[in-house]
Structures are given as structure tokens and as C-alpha cells.
Amino acid sequence: MRKLIFMALLIALAAPVAAMADGSAPTAPSTANQTCKLTLKNLGTTTFAQTYATNDAKANAFGKCVSSTLRSARAAVTNAATTCKKEQADPNFAAGHGGKTFDQVYGGNSSQGKGASANAFGKCVSKAVSNSVNDQVKAVVSAAQSCKAARKSDAAGFATKYGTGHTAFAKCVAATKSAP
């Protein structure tokens, strides 16, 4: 099991960072990895481990984060690509963007000899995915803060609702994050 998690992490980390530099669209594994890195940075090691770890040692938190975030990362990449295709095909795009075309708004990598339009689509997708990642991280951080406050203010009520095991905090975050 550890080897499987390690391999998944390696694949996620091996997603070509150079592809992002030339404006090509992000991949779901790299997006999930980015989401987890940003979440870890915002939550801190202890809260991150409480949120994602599923073993007593809380040693598998990052791998669990990546695997649990992968579905939403796939959706973010797919939705971003769909949105960007619609924007790119919209004959009225320039009217809503100060007279600039899709390529002018999102392109601009002509220094690599490709012209502004060569990477416009990838940059559009990258920007949309980045916005999605930031929204996901904010939701997790907000949920974790709410759960910390709930656990501190009413430990017995928290335990009744979410349990007392090492996954209780994670259950609270998941329920709070998805609550309307």
C-alpha cells in the first residue's frame, strides 16, 4: 500500500512543470498536487495531518490529500478547458474584454518564437484551474477553522457528532466543506 501511495506521489510530482511554462494545459495529477501543497501551506502540518491522514501515525496525509483531491482536480481541468473553448469560439469575446481577442488576452509568449496565440488556450486553462485550486483551498481552510472552533467550544458535542478517533477531525472538515 505504501508503495502504491509513493508511486502515485511520484507520478503527481513528475507531471511536467515545463509544460506549464509554455502555456499548455495543466494535468489533473499536477493540479491535485498543487492543491495539496497549497492546503498544507495554509493549514500547517498538524492540521493538515488531522484533515487528511487515515492512520494513527498520520504519516499518509499528503498521499491521501492527493488521492482525495484528484477527482475535483480532473473536474477543474475539464471545466476550465470547456470554458476556455467557449471563450475562444465566442465571436463577441473582444467586446467583453476591452477590444482584445482571446489570443491577446491569454497569449503573449511570442518570446519563444511561437506567437501570442500558440499558448493562449493553455494559459486560459491554467488561469481557470488556478482559480479553482484557490477556491478549493479556501474551502478546506475555512472548514478546518470551523472544526477547530467547534471542537474547542464543545468537545463532547464534537465527539458525539464526529467521533473520537484519528479521523474525527477529517470527518468534520469533509462535512463542513460540503455543507451548503
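Here the focus is the overall build of the protein chain. Per the secondary structure count, the protein chain includes nine helices and zero strands. Each helix and strand of the protein chain, ordered N terminal to C terminal, gives the series α-α-α-α-α-α-α-α-α. Split into buried and exposed, the 180 residues of the protein chain put 34% on the buried side. Nonlocal contacts in the protein chain, meaning residues at least 24 apart in sequence, comprise 59% of its contacts between residues at least 6 apart. Summed over all atoms, the accessible surface of the protein chain reaches about 10,300 Å², with 57% contributed by carbon and sulfur.

Before going further, it helps to spend a moment on helix α9 (residues 168–178). Residues of α9 that are buried: Ala168, Phe169, Ala170, Cys172 and Val173. On the buried face of α9, the contacting elements are α4 (45–52), α7 (120–153) and α8 (155–162).

Before going further, it helps to spend a moment on the packing of α7 against α9. One can describe the packing of α7 onto α9 by two numbers: an axis separation of 8 Å at closest approach and a directional angle of 125°. Looking at the two axes, α7 sits oblique to α9. Both α7 and α9 take part in a crossing whose hand is right-handed. In this structure, α7 uses Ala139, Val140, Ala143, Ala144, Ser146, Cys147, Lys148 and Arg151 to contact α9, whose residues at the interface are Phe169, Cys172, Val173, Thr176 and Lys177.

This next bit is on the confidence of the model for the protein chain. Summing up the model confidence of the protein chain, the mean pLDDT is 83 and the portion of residues at 70 or higher is 79%. Across the protein chain, α8 holds the top mean pLDDT of 96, while helix α2 (residues 17–21) sits lowest at 37. This model gives residues 1–23 a pLDDT under 50, and the stretch forms 26 contacts once residues within four places in sequence are excluded.

Grouped together as the largest cluster of nonpolar side chains are 36 residues, with contacts concentrated most on Phe48, Phe102, Phe158 and Val173. Among the elements of the structure, α3 (28–43), α4, α5 (61–89), α6 (102–106), α7, α8 and α9 are those that each provide at least two residues to this core. Beyond its immediate sequence surroundings of up to four residues, valine 173 is in contact with Thr51, Val140, Ala143, Ala144 and Cys147.

Each aromatic ring pair is characterised by the separation of its centres together with the angle its planes make. Counted by the stated rule, this structure contains six aromatic pairs. Relative to tyrosine 162, the ring of phenylalanine 158 lies with its centre 5.0 Å away and its plane at 50°, an arrangement referred to as tilted. One end of the pair is phenylalanine 158 and the other is tyrosine 162, both in helix α8 and four residues apart, which spans about a single turn. Across the pair, exposure class does not vary: phenylalanine 158 and tyrosine 162 are buried alike.

Note that threonine 83 resides in helix α5. Remark: the alpha-carbon pair of threonine 83 and alanine 128, spanning 45 residues in sequence, is separated by 8.5 Å.

The rules behind these values
Residues numbered from 1 in each chain as written. Predicted model: local features only at pLDDT ≥ 70, side-chain atom pairs only at ≥ 80, totals over all residues. Heavy atoms only, no water. Helix = DSSP H or I, 4+ residues; strand = E, 2+ residues; numbered from the N terminus. Buried < 20%, exposed > 50% of the residue type's maximum accessible area, 1.4 Å probe, protein only. Contact = heavy atoms within 4.5 Å. Areas by Shrake-Rupley, 256 points an atom, 1.4 Å probe, with all protein chains shown as cover. Axes fitted to C-alpha atoms, helices over the stretch in contact; angles between N-to-C directions. Parallel < 35°, antiparallel > 145°, perpendicular 65-115°, else oblique. Left-handed = near helix turned anticlockwise from the far one by under 90°. pLDDT = per-residue confidence, 0-100. Core = buried A, V, L, I, M, F, W, Y, C linked by side-chain atoms within 4.5 Å. Phe/Tyr/Trp six-rings, centres within 6.5 Å; stacked < 30°, edge-to-face > 60°.

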